[in-house]
Amino acid sequence: MKIVKKTSEIKEILSYLESNKTKINLIPTMGNIHDGHLSLLSEANKFEGINIVSIFINPTQFNEIADLENYPNTFDNDVNLLSKNNCQIVFAPEINEMYPGGLETKKTIFEYRKILCDNFRSGHFDGVTTIVKILFDHINPSNVFFGEKDFQQLKIIEHMIIENNLKINLVKCPSIRGTNGMSLSSRYSKFSENDKTKFDQCAKIINDNLSDLIESFDFKILDKIKNDLKSIGISSIDYCEVRSEDSLDLSSINKDSRLFIAFYLNAIRIIDNFTLY
Ligand code: AMP
């Protein structure tokens, strides 16, 4: 496995691969590799070509400096894990390699905005689409792999590919969950022992209510989730809503819909979504 830090070097490698008609599978990440990321890599193994995992903690998608500074950075361990999981290239550029003209973002995608995380993380998705487009432009992948864990992000990237007429196949990968039923996330590596216990309690509340919701849709269950979370001290809940998977419009049926939830456990933001069918 090769570790590449410079865009000039990745360009050289890619032009060689292109001349051999080798296809590229790209898995963009911010590192702190866990089984969720590795599931994207194992999905990529089903496609021909070579697998590139990018590791870049993208400053423009963080709306709070403390959140960026706290983001886990476990590069050596990440490299070790990726080398054992059929990754051929880790692309880990410095900030100035990705943003040679400074940390600017462009607002290019207007679909699936003004809802869910976009209402609470101003500019976040502009940062995401900006860096993903930069990565696509540098790497020119045939297949890209994104997780359903970040469902709104997935929809926005899908729209970006369509709107820009990019010849990229977007592979949507299901969430990999921990034993408590919640999707794995790099952010959770920062949990204290107390946070872990509280997180399990939150998971139980969500899972118990989710079963009721799946049995029979009722808006009262969404209020109950929020109230149950508040009763154990979760005071900051960004949203708890059911939305259509296709349009991301609010939904009052289970068919083709998901429960979307985001809240804070101390300073750590938790987002997840659950199919209701
Ligand atoms: P991140 O490093 O958190 O930016 O995530 C990189 C990619 O991995 C994104 O496409 C995420 O949606 C995906 N991902 C993160 N956590 C999970 C998970 N638990 N299951 C599946 N995919 C995930």
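Throughout, a residue's number is its position along its own chain's written sequence, starting from 1. The predicted origin of the model limits local features to residues at a pLDDT of at least 70 and limits the giving and counting of side-chain atom pairs to 80 or more, whereas totals for whole chains, interfaces and linings rest on all residues. Computation of side-chain values covers all heavy atoms of the structure but excludes hydrogens and water.

Between N-to-C directions, angles span 0 to 180 degrees; the directions come from axes that are lines fitted to C-alpha atoms, helices contributing only their stretch in contact. Working definition: helices are DSSP H or I runs of at least four residues, strands are E runs of at least two. Numbering for both runs from the N terminus. One way to put it is that helix H6 (residues 124-139) packs onto helix H7 (residues 151-163) with a least axis distance of 11 Å and a crossing angle of 50°. Accordingly, the angle class assigned to the pair H6 and H7 is oblique. When the axes of H6 and H7 are compared, the crossing they make is right-handed. Each of Phe125, Val128, Thr129, Val132, Lys133 and Phe136 in H6 lies in contact with H7, whose residues at this interface are Gln152, Gln153, Ile156, Ile157, Met160 and Ile161. Residue polarity is assigned by list, with Asp, Glu, Lys and Arg as charged and Ala, Val, Leu, Ile, Met, Phe, Trp, Tyr, Cys and Pro as nonpolar; anything else, Gly included, falls into the polar class. Partitioning the contact of H6 with H7 into residue classes produces eight nonpolar, three polar and one charged. Any angle between 65 and 115 degrees counts as roughly perpendicular, while under 35 counts as roughly parallel, over 145 as roughly antiparallel, and the rest as oblique. Handedness of a crossing is defined here by the sense of rotation of the near helix relative to the far one, left-handed for an anticlockwise turn of less than a right angle and right-handed for a clockwise turn. Residue contacts follow a heavy-atom distance rule, with two residues in contact if any of their heavy atoms lie within 4.5 Å.

Next up on the list: the side chain of Thr129. Summarising the element assignment, Thr129 is placed in helix H6. Relative accessibility under 20% of the residue-type maximum defines a buried residue, over 50% an exposed one, and the middle range a partly exposed one, all with a 1.4 Å probe and only protein chains included. In this structure Thr129 comes out as buried when scored by relative accessible area, which is 2%. Here Asp126 takes part through its backbone oxygen, which lies 3.3 Å from a polar atom of the side chain of Thr129. Not counting residues up to four positions away in its chain, the partners in contact with Thr129 are Lys106, Thr108, Ile109, Ile156 and Met160. We define a polar contact as two N or O atoms separated by no more than 3.5 Å, with the added condition that, inside protein, one atom must be a possible hydrogen donor and the other a possible acceptor, whereas residues neighbouring each other in sequence contribute only through side-chain atom pairs.

The next point concerns the sheet that holds strand S8 (residues 257-265). DSSP calls a pair of strands paired once it identifies at least 2 bridges connecting them. Pairing in this open sheet of three strands is antiparallel, and the strands run S7-S8-S9 from one edge to the other. Every interior strand has two partners, whereas the edge strands, strand S7 (237-244) and strand S9 (268-275), have only one. Pairwise comparison of adjacent strand axes, ignoring direction, gives a mean angle of 10° for this sheet. As judged from the eight bridges shared by S8 and S9, these two strands associate in the antiparallel manner.

Right, let's talk about the domain arrangement of the protein chain for a bit. Domain parsing of the protein chain yields domain 1 (2-173) and domain 2 (186-275). For each domain, the first and last residues come from an automatic or database assignment. Taking the mean C-alpha position of each, domain 1 and domain 2 sit 26 Å from one another. Taken together, the contacts link 21 residues of domain 1 with 17 residues of domain 2. Carbon and sulfur atoms make up 56% of the surface buried where domain 1 meets domain 2, a total of about 1800 Å² over both sides. Its largest share of buried area at the contact with domain 2, domain 1 owes to Leu116, Lys149 and Phe151, together 33% of the area lost on that side. The working definition used for a salt bridge is a side-chain nitrogen of Lys or Arg within 4 Å of a carboxyl oxygen of Asp or Glu. In this structure, Asp67 and Arg187 form a salt bridge, with 2.7 Å as the shortest nitrogen-oxygen distance. Counting the contacts that link domain 1 with domain 2 gives nine residue pairs in polar contact (both at pLDDT 80 or more). When residues of the side of domain 1 that touches domain 2 are traced back to their parent elements, those giving at least two are helix H3 (65-70) and H7. Here the quantity called buried area is the total loss of accessible area, with a 1.4 Å probe, experienced by two parts when brought into contact, counted for both.

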